[in-house]
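# Per-entry structural report
Single-letter residue listing:
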Amino acid sequence: MTTPRLGVCYFPEHWPREMWADDARRMVETGLSFVRIGEFAWSRIEPSAGNYQFEWLDEAIGTLADAGLKIILCTPTATPPKWLVDTMPDMLAADARGRPRMFGSRRHYDFAHEGYRKECARIVTKLAGRYGDHPAIVSWQTDNEYGCHDTVTSYGAVSRDAFRQWLAKRYASVAELNEAWGNVFWSKEYTSFDEVELPNLTVTEPNPAHMLAYRRFASDMVVEFNRVQTEILRQHAPGRDLVHNYMGRTLTFDHHDVSADLDVASWDSYPLGFLEQFGRDAAWKRWYVRAGDPDFQAFHHDLYRGMTGRWSVMEQQPGPVNWAPWNPAPEDGMVRAWTHEAIAHGAEYVSYFRWRQAPFGQEQFHAGMNRPDNSPDLAIGEAAQVARELADLPEAKTARADVALIVDYPSFWSMEAQSQGEDYDAFSLTMRLYSMLRMAGQNVDVISAHADLSGYKLVVVPNLPIVPGGFAERAIASGAELLFAPRCGSRTAEHRIPDNLGPGPLADLLGVKVLRVESMQPAIWRNLDGGVFERWFEFLDVIDAKVIEKSDGHPAITRKGRATYLAGWPDEAIARREVDAALERAGLTVLETGDDLRLRDRGNLRTIINYGPGERDCGHLLGKGDTVLVGGRNVPAAGITIVERKS
Ligand code: GAL
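If you're wondering where the values come from, they're calculated on a predicted model, not measured in any experiment.

Rules behind the numbers
- Residues numbered from 1 in each chain as written.
- Predicted model: local features only at pLDDT ≥ 70, side-chain atom pairs only at ≥ 80, totals over all residues.
- Heavy atoms only, no water.
- Helix = DSSP H or I, 4+ residues; strand = E, 2+ residues; numbered from the N terminus.
- Buried < 20%, exposed > 50% of the residue type's maximum accessible area, 1.4 Å probe, protein only.
- Near = heavy atom within 4 Å.
- Polar contact = N/O pair within 3.5 Å; in protein donor to acceptor, adjacent residues only side chain to side chain.
- Areas by Shrake-Rupley, 256 points an atom, 1.4 Å probe, with all protein chains shown as cover.
- Nonpolar A, V, L, I, M, F, W, Y, C, P; charged D, E, K, R; others polar.
- Disulfide = S-S within 2.5 Å.
- Expected span 1.5 Å × (residues − 1).
- Phe/Tyr/Trp six-rings, centres within 6.5 Å; stacked < 30°, edge-to-face > 60°.
- Lys NZ or Arg CZ within 6 Å of the ring centre and 35° of its normal.
- Pairing = 2+ DSSP bridges.
- Axes fitted to C-alpha atoms, helices over the stretch in contact; angles between N-to-C directions.
- Contact = heavy atoms within 4.5 Å.
- Domains from an automatic or database assignment.
- Buried area = accessible area lost by both parts, 1.4 Å probe.
- Salt bridge = Lys/Arg side-chain N within 4 Å of Asp/Glu carboxyl O.

## A word on unusual backbone geometry
The residue after Phe353, namely Arg354, is reached through a cis peptide bond having omega 15 degrees. Tracing the sequence through the fold places Arg354 in the loop between β8 (349-352) and α14 (378-392). In this model, Gly502 is joined to Pro503 through a cis peptide bond whose omega is 0 degrees. With respect to the element layout, Pro503 can be found in the loop between β12 (481-484) and α18 (507-510). Of note, the phi angle at His149 is positive, near 60 degrees, even though the residue is not glycine. One non-glycine residue, Arg535, lies in positive phi territory at about 65 degrees. Assessed through its relative accessible area of 21%, Arg535 is described here as partly exposed.

And the structure:
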């Protein structure tokens, strides 16, 4: 797929066959070119063991294909049917209290369960054997939303036994494990791998090294589980794009590792649900209630583009959802704006969830493009408008950005294992720095700490307690301006304090040593010029760096060469000041967008989106000689403006 396309998630098994052809016809009429099907259809594909029913699926695929639609077919492994679960009830995952998470919704399996993996291999082989070379099926989605409903970890015997085996591979001996984890502390030393339990139900907090190892193990189980399917699909469905639909703010497994087996990293974008779930404070949530957080979607677009280079939105919110604490309706036009924003960030396609609202089951309150009575709902008109607009836009390609922001999953796990401050939430700090870059009008690549850094002018590192080998060398060799937030280099790969103290392997690069740290409750601060460090502060020994600013007499911001270190958690004002200053040092132009406007460039096309509830003038984001292609200088609420830039 070279030019961006639009599609929709469809569940033929939910509707009478007589509706399929008309649905397909109307999809095409709307301007959709593909449809995703099958992710929860196991009980219809195999109603009882070995009793395969492909006839309905043949017909559904045929009907959709005959209408001219391309198809993304999913493996149905997120919803194992009841008869299968009953053959091996220990495949159910267990919650943190050790209780089974029962049949009756979805994602009811333990990733480590060998028997379930075999069952998945069987059904995927069957499906891929039958449809692998179908000309209309251009892509295969594995499972659905790994990690959704907090399903990566499981605290039952299956995961415990698999964890022990995993440990026996990671450590040469149990003595080495004891040493690595510091198990002499509180007499936790083991005499055999078989004694190691899972890090739940302990009297007080478990050993953070134990927790980190368990998180690594759980992530590896997701990678292995996915690979069982991709290996089969590569064999039986050659040349088809393999994809998985990731989610927002999901840190429980290493998406870079899973993506190594995929062609396209996709994600499910529900801006209003995410705002309700993760939004900052009440005032923020009220202001953006019908638009979503202005940076949350963009961050994930950039994050998932950084996985394989090819990415998409597999599920786009079409109206109110059903799963957040409150489920407001998007501003009219916002579905269109979200779609354009994704495409501006380089999405190969955007697919709406779902074609028609379901009159039964758990998601009855979830809007679709059509209502349950099949009358068109708002999103269908907005999708049709995007389709027309896309047809008129010139071709454009996403270029590498000047600015990179580093994301590292093990570093999130390390921070969660021992946050040392109730509100030290590394994801929020990551988002804060990302938002400041966006508000300074920057295009950003969100990349792994293992990625090539060459060519970037500024690299921002919000959270990297565990520094991968070679990172410091790559950072220096890039010649980029570097901005480090606190706690970088503060732990080893086994979650110990480095022998040389923090910032450990970054000591030479930053020229400082962290002597002592403090976390601070809300309303306790360290003052800086024009703002504060909140939540966290570090007392530095400045060995070989310039002190740029002090707080209460303590070095607070230091610089050595091109590397700047923030010894505390910056409030918004300091984050903004420091990001703007780093951009200027890097030779980049700060283009303040204003609070509600955001921009993204794709080739010569600049897309400007208004997340605020009132009209905004975007003249300051336009250049002389830019040609307006969509919208205009005044951007209404939920509006977008697309211009072709002169240079
Ligand atoms: C996603 C999921 C879909 C549907 C949707 C509702 O998390 O993949 O199946 O449940 O949310 O918003």
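## Examining the site of the ligand
Looking at the ligand, the residues that line it are Phe40, Arg106, Asn144, Glu145, Asp268, Tyr270, Glu315, Trp323, Phe353, Glu363 and His366. The side chain of Tyr270 places a nitrogen or oxygen atom 3.5 Å from an oxygen atom of the ligand. Summarising the interface, the protein chains cover 96% of the accessible area of the ligand, which totals 310 Å² for the free molecule. Split into classes, the residues belonging to the shell around the ligand amount to four nonpolar, two polar and five charged.

## A closer look at the state of the cysteines
Applying the stated criterion to the full structure yields zero disulfides. With no disulfide partner, Cys148 has as its closest neighbouring cysteine sulfur the one in Cys9, 14 Å distant.

## Topic: helix α16 (residues 426-439)
Compared with the 20 Å implied by 1.5 Å per residue over 14 residues, the 20 Å span of α16 between its first and last C-alpha is a close match. Counting buried positions over the 14 residues of α16 gives 13, a clear majority of the element. Where α16 ends, the next residue or the one after it, Gly441, has phi of about 75 degrees, a positive value.

## With respect to the packing of aromatic side chains
Scanning the entire structure with this criterion turns up 41 aromatic pairs. Here the aromatic rings of Phe299 and Phe427 are separated by 5.7 Å at their centres, their planes lie at 90 degrees, and the arrangement is edge-to-face. Of this pair, Phe299 sits in helix α12 (residues 296-308) while Phe427 sits in helix α16, and the two are 128 residues apart along the sequence. Relative accessible area serves as the criterion here: at 2%, Phe299 is assigned to the buried category. Positioned above the aromatic ring of Trp15, the side-chain terminus of Arg356 is 4.1 Å from the ring centre. In this structure, Arg487 is placed above the aromatic ring of Tyr424, and the distance from its NZ or CZ to the ring centre is 4.4 Å.

## A few points about the sheet that holds strand β9 (residues 403-407)
On the basis of which strands lie adjacent, the open sheet formed by seven strands has the order β10-β9-β11-β12-β18-β17-β16 and mixed pairing. In this open sheet, the two edge strands, each paired with only one partner strand, are β10 (444-448) and β16 (546-551). Each neighbouring strand pair of the sheet contributes to a mean axis angle of 20 degrees, computed without reference to strand direction. Relative to β12, strand β11 (residues 458-461) runs parallel, the two being bridged by four bridges. For Val459, the partnering residue across the bridge sits in β12 and is Leu482.

## Concerning the sheet that holds strand β1 (residues 5-9)
Within the closed barrel, the eight strands sit side by side as β1-β2-β3-β4-β5-β6-β7-β8. Their pairing is parallel. Looking at each pair of strands side by side, their axes are set apart by 25 degrees on average, direction ignored. Of the pairings in the sheet, the one linking strand β3 (residues 70-74) to strand β4 (residues 137-141) comprises four bridges and is parallel in character. Bridge pairing in β4 places Leu73 opposite Trp140.

## Digging into the pairing of strand β17 (residues 554-560)
Across the seven residues that make up β17, a large majority, five, are buried. Note: β16 against β17, five bridges, orientation antiparallel. Each bridged residue has a counterpart across the sheet, and for Lys546 the counterpart in β17 is Arg559. Where β16 folds back on β17, the antiparallel hairpin that results is connected by two residues, among which Asp552 adopts a positive phi of roughly 50 degrees. The pairing of β17 with strand β18 (residues 563-566) spans four bridges and is antiparallel. Its bridge partner being in β18, Thr558 is matched across the sheet by Tyr565. In this antiparallel pair of consecutive strands, β17 and β18, the connection spans two residues, and Gly561 shows a positive phi of 55 degrees.

## Points about the environment of Arg99
Considering the arrangement of structural elements, one finds Arg99 in the loop between α4 (82-87) and α5 (114-131). By relative accessible area, Arg99 is classed as partly exposed at 49%. Between the alpha carbons of Arg99 and Cys74 there is a distance of 30 Å; along the sequence they are 25 residues apart. Beyond its immediate stretch of four places on either side in the chain, Arg99 contacts Ala93 and Ala94.

## Some points on the domain arrangement of the chain
Considered domain by domain, the chain is made up of domain 1 (5-154 + 222-392), domain 2 (157-210), domain 3 (403-585) and domain 4 (597-644). On a C-alpha basis, the centroid separation for the pair domain 1 and domain 4 is 30 Å. Each partner contributes to the roughly 1,500 Å² buried at the junction of domain 1 and domain 4, and carbon and sulfur atoms together form 62% of this total. Together, Trp287, Pro294 and Ala344 form the three largest contributors to the area buried by domain 1 at its contact with domain 4, with a combined 29%. Along the contact surface separating domain 1 from domain 4 lie two salt bridges. Arg598 is the salt-bridge partner of Asp295, the closest N and O atoms lying 2.7 Å from each other. Counting across the domain 1 and domain 4 interface gives five residue pairs in polar contact (both at pLDDT 80 or more). Among the secondary structure elements, those contributing two or more residues to the side of domain 1 that touches domain 4 are α12 and α13 (334-344). Considering every element that reaches the side of domain 1 that touches domain 4, the biggest residue donor is α13, with eight residues. Here the side of domain 1 that touches domain 4 is built from residues that sort into nine nonpolar, six polar and nine charged.

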